[in-house]
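Chain and residue survey
Now for the letters of each chain:
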Amino acid sequence: MENLSIIIPCYNEEKNIELFFEKCLETFKKEKIEYIFINDGSKDQTLNKIEKLIKNNKKENIICLNFSRNFGKEAAIYAGLKESSSNYVAIIDADMQQNPQYILQMKDVLDQNKEYDAVACYQAKRKENKFLSFCKSCFYKLINKICDTRFEKNASDFRLLKRNVVNAILDMPEYYRFSKGLFSFVGFNTYYMPYEVEKRMYGKSSWNLTSLVKYAFDGIISFSVFPLKISTFIGIISFIAAFVYMAIIVIQWFFIDVTVSGYATIVCLILLFGGLQMIFLGILGEYIGRTYIEAKNRPVYIIKDKLNYDNVKENGER
Ligand code: UDP
Ligand code: MG
């Protein structure tokens, strides 16, 4: 068994794969590594590049899980964790933004501090625009207020996990996988290590503002039922307000001569409560929709083929 498995999710990384692997070979000279590349339905030559790596590096233990289509990074991480067989498992991006050198540093932390079960890298200085940074801060404040699980700000998926943590995560086969939440949910002692993100070497990030908002929303829905409770609070408040207003009208009717008015108020209130009801129906729908999909128990990912898998296995390495 290798002492370290490295999971590398890849989506359209044809130009980065070789450079990334060279960097790994430079970094890991003494360690016995199991490389698990996941080709997440890339539309470019990523798969060919990984095949070439396997061919040209027969001495290295390289496996590639080739997905039948793009299932997303979360699914790729899950597949990699499932396939890993070492006592230590690292997750790293293929785009050269995360230097493999940090994996050695994370391993040192775990070796020297037996009380820790995992190390997670976080960006000490984020190189992004102020508005995005502000939105992310708000998101972390909100999610930490309404969820029991603690979310560490800026913590990335760039992590090193001990086997017990990996097994705990694998015990959660849910379809909607919000890794940041799953890592926190399982507990254990995590050491947060600052790291510096490098520029993406080639290609472009698959994130934009819309996908980030969707991701944030997914996180909240996956780890909290608080949005479902908001409608109850608003319901109670408007119920009390209605009673108070009713009392005012009765008093006015008795003591003051009221001419018929308030048309605008009624229209506004109808629109306000109509809108609120629709919003909460939508939120309810999100939860029900997810329950429906989870109930179907569909696989999180589908593997088309596994490259070099039997070779590595037959060698008694796995
Ligand atoms: N990735 C993936 N599937 C996807 C999107 C991304 O496996 O659907 C991989 C991608 O190839 C990279 C890592 O996940 O290795 C991080 O992706 P990206 O660079 O787009 O994210 P960012 O670094 O901007 O957070
Ligand atoms: Mg990246």
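Criteria and thresholds
- Residues numbered from 1 in each chain as written.
- Chains lettered and ligands numbered in written order.
- Predicted model: local features only at pLDDT ≥ 70, side-chain atom pairs only at ≥ 80, totals over all residues.
- Heavy atoms only, no water.
- Donors = N, O, S within 2.8 Å, 3.2 Å for Na, K, Ca; no water.
- Buried < 20%, exposed > 50% of the residue type's maximum accessible area, 1.4 Å probe, protein only.
- Near = heavy atom within 4 Å.
- Polar contact = N/O pair within 3.5 Å; in protein donor to acceptor, adjacent residues only side chain to side chain.
- Areas by Shrake-Rupley, 256 points an atom, 1.4 Å probe, with all protein chains shown as cover.
- Nonpolar A, V, L, I, M, F, W, Y, C, P; charged D, E, K, R; others polar.
- Salt bridge = Lys/Arg side-chain N within 4 Å of Asp/Glu carboxyl O.
- Helix = DSSP H or I, 4+ residues; strand = E, 2+ residues; numbered from the N terminus.
- Phe/Tyr/Trp six-rings, centres within 6.5 Å; stacked < 30°, edge-to-face > 60°.
- Lys NZ or Arg CZ within 6 Å of the ring centre and 35° of its normal.
- Patch = residues over 30% accessible without salt bridge, like charges linked within 9 Å, V, L, I, M, F, W, Y side chains within 5 Å.
- Pairing = 2+ DSSP bridges.
- Axes fitted to C-alpha atoms, helices over the stretch in contact; angles between N-to-C directions.
- Contact = heavy atoms within 4.5 Å.

Here we come to the coordination of the magnesium ion (ligand 2). Donor atoms from the polypeptide that coordinate the magnesium ion (ligand 2) comprise Asp95 (OD) and Gln97 (OE1), at 1.9 Å from the metal. Accessibility expressed as a relative area gives 4% for Asp95, which makes it buried. Gln97 sits in the partly exposed class, given a relative accessible area of 22%.

A separate point is the site of ligand 1. With respect to spatial proximity, 16 residues lie near ligand 1, and among them Glu13, Asp40, Asp95, Ser205 and Ser206 are the closest. In this structure, an oxygen atom belonging to ligand 1 sits 3.0 Å away from a side-chain N or O atom of Arg200. For ligand 1, the protein covers 85% of the area, taking 530 Å² as the surface of the free molecule. Residue classes in the shell around ligand 1 are distributed as five nonpolar, five polar and six charged.

Okay, the pattern of salt bridges next. Tallied over the entire structure, the rule returns 11 salt bridges. Between Asp157 and Lys73 there is a salt bridge; the shortest N-O distance is 3.3 Å. Of this pair, Asp157 sits in strand E6 (residues 155-162) while Lys73 sits in helix H3 (residues 73-83), placing them 84 residues apart in sequence. Taking relative accessible area as the criterion, Asp157 reaches 8% and is therefore assigned buried. On the basis of relative accessibility, which here comes to 32%, the residue Lys73 falls in the partly exposed class. Note that Asp218 and Arg290 form a salt bridge whose closest N and O atoms lie 2.7 Å from each other. Linking Asp218 in helix H8 (residues 209-223) with Arg290 in helix H10 (residues 263-296), this pair joins segments that are 72 residues apart in sequence. Here Asp218 and Arg290 have matching classes, each one buried. If you follow the salt bridges from partner to partner, you end up with Lys214, Asp218, Glu286 and Arg290 in one network.

This paragraph deals with the packing of aromatic side chains. This structure, assessed with the given rule, holds 20 aromatic pairs. Geometrically, the ring pair formed by Phe151 and Phe223 is edge-to-face, given 5.8 Å between the ring centres and 80° between the ring planes. Here Phe151 is found in the loop between helix H5 (130-146) and E6, whereas its partner Phe223 is found in helix H8, with 72 residues between them in sequence. With relative accessibility at 14%, the residue Phe223 sits in the buried group. The interplanar angle of 55° and the centroid separation of 6.3 Å between the aromatic rings of Phe178 and Phe223 together place this pair among those described as tilted. Taken together, the residues Phe178 in the loop between helix H6 (163-170) and helix H7 (179-185) and Phe223 in helix H8 connect sequence positions 45 residues apart. Side by side, Phe178 and Phe223 carry an identical accessibility label, which is buried. Through a chain of ring-to-ring contacts, three or more aromatic side chains come together here, namely Phe151, Phe178, Phe185, Trp207, Tyr215 and Phe223. Against the face of Phe71 rests Arg69, its NZ or CZ located 3.9 Å from the ring centre. Sitting over the ring of Tyr78, Arg177 keeps its end group 3.8 Å from the ring centre.

Let us now look at a nonpolar patch on the surface. Taken together, the side chains of Ile236, Phe239, Ile240, Phe243, Val244, Tyr245, Met246, Ile248 and Ile249 present a nonpolar region at the surface, about 910 Å² in accessible area. With respect to the helices, strands and loops of the structure, Met246 is situated in helix H9 (residues 226-255).

This part takes up the sheet that holds strand E3 (residues 61-67). Strand order in the open sheet formed by eight strands is E7-E5-E6-E4-E1-E2-E3-E8, with mixed pairing between adjacent strands. In this open sheet, the two edge strands, each paired with only one partner strand, are strand E7 (190-195) and strand E8 (303-307). When the angles between neighbouring strand axes are averaged without regard to direction, this sheet yields 20°. Pairing analysis gives six bridges linking strand E5 (residues 118-123) to E7, with the strands arranged parallel. Across the sheet, residue Gln123 finds its bridge partner in E7, namely Tyr195. Along the sheet face, helix H2 (residues 46-56) touches strand E1 (4-10), strand E2 (33-39), E3 and E8 and points at about 160° away from the line of E3. The strands touched by H3 within the sheet are E1, E2, E3, strand E4 (88-91), E6 and E8, with E1 carrying the most contacts at an inclination of about 155°.

Here we come to the side chain of Asp93. Inspection of the secondary structure assignment puts Asp93 in the loop between E4 and helix H4 (101-112). A distance of 3.0 Å separates a polar atom in the side chain of Asp93 from a polar atom in the side chain of Lys73. Setting aside its immediate chain neighbours within four residues, Asp93 contacts Ile8, Phe20, Lys73 and Gln98.

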